[in-house]
Amino acid sequence: MVEKVSFEDLPGVGPATAEKLKEAGFTTVEAIAVASPGELVTAADLGESTASKIIIAARKAADVGGFETGDVVLERRKSIQKLTTGSSELDRLLGGGVETQSITEFYGEFGSGKTQIAHQLAVNTQLPNEYNGLNGSVVIIDTESTFRPERITHMVEGLKERFEENDSDLGADNDDGVDLNPSQFLKRIHVARAYNSNHQILLVEAASKLAEELKDTEYPVRLLVVDSLTAHFRAEYVGRGTLADRQQRLNKHMHDLIRFAGLNNATVVVTNQVMSKPDAFFGDPTKPIGGHIVGHTATFRVYLRKSKGEKRIARLVDSPSLPEGEAIFSITTGGLRD
Ligand code: GTP
Ligand code: MG
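### Points about the site of ligand 1
Right, so step 1: Around ligand 1, 15 residues are found, and the nearest of them are G111, K114, T115, Q116 and Q273.
Right, so step 2: The separation between an oxygen atom of ligand 1 and a polar main-chain atom of S112 is 3.3 Å.
Right, so step 3: One of the backbone nitrogen or oxygen atoms of Q116 is found 2.8 Å away from an oxygen atom of ligand 1.
Right, so step 4: Relative to its free-state accessible area of 660 Å², ligand 1 is covered by the protein chains to the extent of 68%.
Right, so step 5: Broken down by secondary-structure element, the contributors of at least two residues to the shell around ligand 1 are helix 7 (114-124) and strand 10 (325-332).

Laid out in structure tokens, this is it:
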């Protein structure tokens, strides 16, 4: 058990600093624990090193980032699986596909293909392991009402064509007789519309309940999509609320998602837009929304750009284990292709 510490008790936080932090919305140890030094420097006129010390103390007090031994980590990592995107180029960039037990973030401007990738993964998750699927069901938290069952149908039909052509990128032909009936695929995709950021956070709990219910069925939940991760947070916090509050809630949300991924050996995929114009709450205009909170929690970040026609360019950013690089893929009516 961690003793409940008030943020005023943290070393380095005198009464004047406490007052300034409070004014800036940093009213809990947790809020400080997930802040960046720069944010505290600005909020409370602190030196960079004092700010770092306060954050480290807050992390300790809030038990953010506990330890486990390497053998435990290794054992868990043995069950990691890769989910194919449908493009062998994009799979290669990701080290074989989208990984379970982690969060993959696709970010890019409108039309860059984030929602299309989410649809394709919702289809591919349902394929057997031999076809680089996860033999699972899907939960989609849809914040912008962009889920389209018709696209799922197109993509299942696209798969059927690939099987008929014996497309070797699929890993196998359809000798096993995978049932490519679009209505069966649609039945295994559970979509919930999130009306605001609170609702979005609550839906992860609902997703966990559903995953629990489906755990011992033929198709346990193996993919959770949040499309878009940041749209509600961004809309709600422009001009009101505080940066600290927003960051703290986004951080909690990301941690709920990573827990979901671990508990269910599931893939979590989130989408994020890049900022078209600078705004005070979200900083740098060339960066994905959500800043370092999303960046530190997402294991894989993929930046998508539009190219000619159906072509898209994906770039892997900040991966802990894979080299940076780019892949070109296409969005066709039948789904993602090289
Ligand atoms: P925002 O959510 O607006 O930020 O964009 P996004 O990154 O989610 O873009 P999305 O995945 O919705 O990509 C839309 C693009 O996918 C379109 O501009 C088309 O290029 C392509 N696309 C969507 N549906 C089809 C289709 O049925 N056939 C083909 N060939 N392309 C499609
Ligand atoms: Mg979209």
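Having seen the model, we can carry on.
### Regarding the environment of A206
Right, so step 1: As for its position among the elements, A206 is in helix 10 (residues 197-214).
Right, so step 2: On a C-alpha basis, the gap between A206 and A192 in space is 9.6 Å, while along the polypeptide they are 14 residues apart.

### Comments concerning the sheet that holds strand 8 (residues 300-306)
Right, so step 1: If you walk across this open sheet you meet the 9 strands as 5-4-6-7-3-8-9-10-11, and the pairing is mixed. Lying at the two open borders of the sheet, with one neighbouring strand each, are strand 5 (189-193) and strand 11 (335-337). Strand-to-strand twist across the sheet, computed as the mean angle between neighbouring axes with direction ignored, equals 25°.
Right, so step 2: The pairing of strand 3 (residues 102-108) with strand 7 (residues 267-272) spans 6 bridges and is classified as parallel. Bridge pairing in strand 7 links I103 to V268.
Right, so step 3: Packed on one face of the sheet, helix 8 (residues 149-164) meets strand 5, strand 10 and strand 11 and runs near 45° to strand 11.

Criteria and thresholds
- Residues numbered from 1 in each chain as written.
- Chains lettered and ligands numbered in written order.
- Predicted model: local features only at pLDDT ≥ 70, side-chain atom pairs only at ≥ 80, totals over all residues.
- Heavy atoms only, no water.
- Near = heavy atom within 4 Å.
- Polar contact = N/O pair within 3.5 Å; in protein donor to acceptor, adjacent residues only side chain to side chain.
- Areas by Shrake-Rupley, 256 points an atom, 1.4 Å probe, with all protein chains shown as cover.
- Helix = DSSP H or I, 4+ residues; strand = E, 2+ residues; numbered from the N terminus.
- Pairing = 2+ DSSP bridges.
- Axes fitted to C-alpha atoms, helices over the stretch in contact; angles between N-to-C directions.
- Contact = heavy atoms within 4.5 Å.

Distances and angles like these do not, on their own, reveal function.
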